[in-house]
Amino acid sequence: MSKLQIIDLHVSVEGKEILKGVNLEMNTNEFHVIMGPNGTGKSTLAATIMGHYKYEVTKGQILLDGEDVLSMSVDERSRKGLFLAMQYPSEIEGVTNSEFIKTAMQARLGEGERISLFKFIKALEGATSELKMNPDLPHRYVNVGFSGGEKKRNEILQLKILKPKFAILDEIDSGLDVDALRIVGENVNDMKSENFGALVITHYERLLDYIKPDFTHVLMNGQIVRSGGLDLMEKIDQEGYDWLKEELGITTQPEKIKAVSIGTCAVKQTIGK
Ligand code: ADP
Ligand code: MG
């Protein structure tokens with residue numbers, strides 16, 4: 001059993017504070033869902049947990065089984081058992097999927113240990129088939145020329161083989177058709193165990209037909225403003241966020257835009273922020 005704790009986390013991006021005191025605690029064998037309006041900091045939270053250099057932690061802590069995650073490099077975080085399935089997976093020209101995953105697996109072994117090629121190929125073929133992926137995909141360059149849905153499935157392929165303790169799935173459902181959604185959802189759901197838990201960022205209840213969540217959290221204005229169970233998720237799915245904003249007294253004013261003339265060009269400038 002492992003524990004991931006996020007304590008009073010404040011994060012700035014390009015000098016702007018996005019997360020303003022996020023508190024979240026999760027264990028393996030649990031699935032937590034984070035919902036929230038666009039631009040509210042969900043991907044910022046995901047990127048910060050994994051250690052993206054652009055996201056500056058100004059206050060707070062992230063602990064994995066009591067160890068300080070924030071002082072770890074990205075690869076150390078990965079080797080310790082954190083995994084991020086990205087909202088927008090990157091393409092890596094010149095590196096095949098199988099080389100990429102094999103290198104990541106090798107990096108998890110101790111000095112002098114070598115990955116068994118036989119076991120690796122078996123695991124890769126097994127996971128590819130369970131995800132009903134085209135058998136060619138592992139041998140092509142990472143995500144290059146993949147469709148949106150194939151890229152998302154490829155993130156789950158890595159997840160299945162690397163077997164982290166905690167996976168953060170950032171809108172893994174966007175771009176998936178209904179069949180792919182079911183396959184991805186079922187594959188993640190089947191991983192739930194004493195050694196695996198997930199933080200699922202999603203807008204859609206549909207994914208949660210397959211990934212059964214234990215807790216739902218709403219991130220708004222840089223904080224988790226409400227936590228609950230399935231009922232909270234269903235209410236948001238049906239009614240949106242307005243009722244919650246009203247309850248919390250959050251007013252979201254549209255940005256005021258004014259036209260400014262510079263020479264012969266008219267440009268838009270955001271004011272009042
Ligand atoms: P969400 O995932 O909830 O839609 P994000 O975490 O992507 O929201 O973004 C939260 C806010 O932080 C947005 O205003 C976004 O423009 C800003 N932001 C996020 N990442 C960056 C970045 N790398 N550079 C500049 N601004 C960013
Ligand atoms: Mg996002």
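In the block above lies the structure referred to throughout.
Rules behind the numbers
Residues numbered from 1 in each chain as written. Chains lettered and ligands numbered in written order. Predicted model: local features only at pLDDT ≥ 70, side-chain atom pairs only at ≥ 80, totals over all residues. Heavy atoms only, no water. Helix = DSSP H or I, 4+ residues; strand = E, 2+ residues; numbered from the N terminus. Rg over C-alpha atoms; globule rule 2.2 N^0.38 Å. Contact = heavy atoms within 4.5 Å. Lys, Arg positive; Asp, Glu negative; His and termini not counted. Charge placed at Lys NZ, Arg CZ, Asp CG, Glu CD. Pairing = 2+ DSSP bridges. Axes fitted to C-alpha atoms, helices over the stretch in contact; angles between N-to-C directions. Near = heavy atom within 4 Å. Polar contact = N/O pair within 3.5 Å; in protein donor to acceptor, adjacent residues only side chain to side chain. Areas by Shrake-Rupley, 256 points an atom, 1.4 Å probe, with all protein chains shown as cover. Donors = N, O, S within 2.8 Å, 3.2 Å for Na, K, Ca; no water. Parallel < 35°, antiparallel > 145°, perpendicular 65-115°, else oblique. Left-handed = near helix turned anticlockwise from the far one by under 90°. Nonpolar A, V, L, I, M, F, W, Y, C, P; charged D, E, K, R; others polar. Salt bridge = Lys/Arg side-chain N within 4 Å of Asp/Glu carboxyl O. Buried < 20%, exposed > 50% of the residue type's maximum accessible area, 1.4 Å probe, protein only.

A. View of the overall build of the protein chain. If you tally the helices and strands in the protein chain, you get eight helices and 14 strands. For the protein chain, whose C-alpha radius of gyration is 20 Å, the value lies close to the compact-globule estimate of 19 Å for 273 residues. Projected onto its principal axes, the C-alpha coordinates of the protein chain cover approximately 65 × 50 × 40 Å. Restricting the contact set of the protein chain to residue pairs at least 6 apart, pairs at least 24 apart contribute 66%. Averaging the coordinates of the 33 positive side-chain charges in the protein chain and doing the same for the 40 negative ones gives two points 3 Å apart.

B. Representation of the sheet that holds strand β6 (residues 82-85). Reading across the sheet, the six strands line up as β6-β9-β10-β3-β11-β12 and stay open at both edges, with mixed pairing between neighbours. Only two strands of the sheet have a single partner each, and these edge strands are β6 and β12 (223-228). Along the sheet, successive strands turn relative to each other by an average axial angle of 20°, direction set aside. With five bridges joining them, strand β9 (residues 166-170) and strand β10 (residues 197-201) adopt parallel strand pairing.

C. Local environment of the site of ligand 1. Residues in contact with ligand 1 amount to 14 residues; listed here are only the nearest, Gly39, Lys42, Ser43, Thr44 and Tyr55. Between ligand 1 and Gly39, the relevant distance is 2.7 Å, taken from an oxygen atom to a main-chain nitrogen or oxygen of the residue. Contacts to ligand 1 include Lys42, whose side-chain N or O atom sits 2.8 Å from an oxygen atom. Expressed as a share of its isolated accessible area of 560 Å², the protein-covered part of ligand 1 is 67%.

D. Representation of the coordination of the magnesium ion (ligand 2) in the model. Here the magnesium ion (ligand 2) is held by Ser43 (OG) and Gln87 (OE1), and the distances to it run 2.1 to 2.4 Å. Taken as a pair, Ser43 in helix α1 (residues 42-50) and Gln87 in the loop between β6 and β7 (92-96) lie far apart in primary sequence, 44 residues in all.

E. Representation of the side chain of Thr40 within the structure. In this structure, Thr40 sits in the loop between β3 (31-35) and α1. Within the structure, the side chain of Thr40 is placed 3.3 Å from the backbone oxygen of Leu219, a separation counted as a polar contact. Setting aside anything within four residues of it in sequence, one finds Thr40 in contact with Ile18, Leu219, Met220, Asn221 and Gly222.

F. Quick look at the packing of helix α4 (residues 117-130) against helix α5 (residues 148-162). Interaxial distance between α4 and α5 falls to 10 Å at its minimum, and their mutual angle equals 135°. In this view, α4 runs oblique relative to α5, as classed from their interaxial angle. The crossing of α4 and α5 is right-handed. Only Leu157, Lys160 and Ile161 of α5 make contact with α4, whose side of the interface consists of Ala123, Leu124, Ala127, Thr128 and Glu130. Counted by class, the contact of α4 with α5 contains five nonpolar, one polar and two charged residues.

G. The arrangement of the pattern of salt bridges in detail. Scanning the model with the defined rule gives 12 salt bridges in all. With a shortest N-O distance of 3.3 Å, Lys59 and Asp8 are connected by a salt bridge. Residue Lys59 is located in strand β4 (residues 55-64), and its partner Asp8 is located in strand β1 (residues 3-13); the two are separated by 51 residues in the primary sequence. Classification of Asp8 by relative accessible area gives partly exposed; the value is 25%. Between Lys54 and Glu14 there is a salt bridge, and its shortest N-O distance comes to 3.6 Å. Of this pair, Lys54 sits in the loop between α1 and β4 while Glu14 sits in the loop between β1 and β2 (16-27), and the two are 40 residues apart along the sequence.

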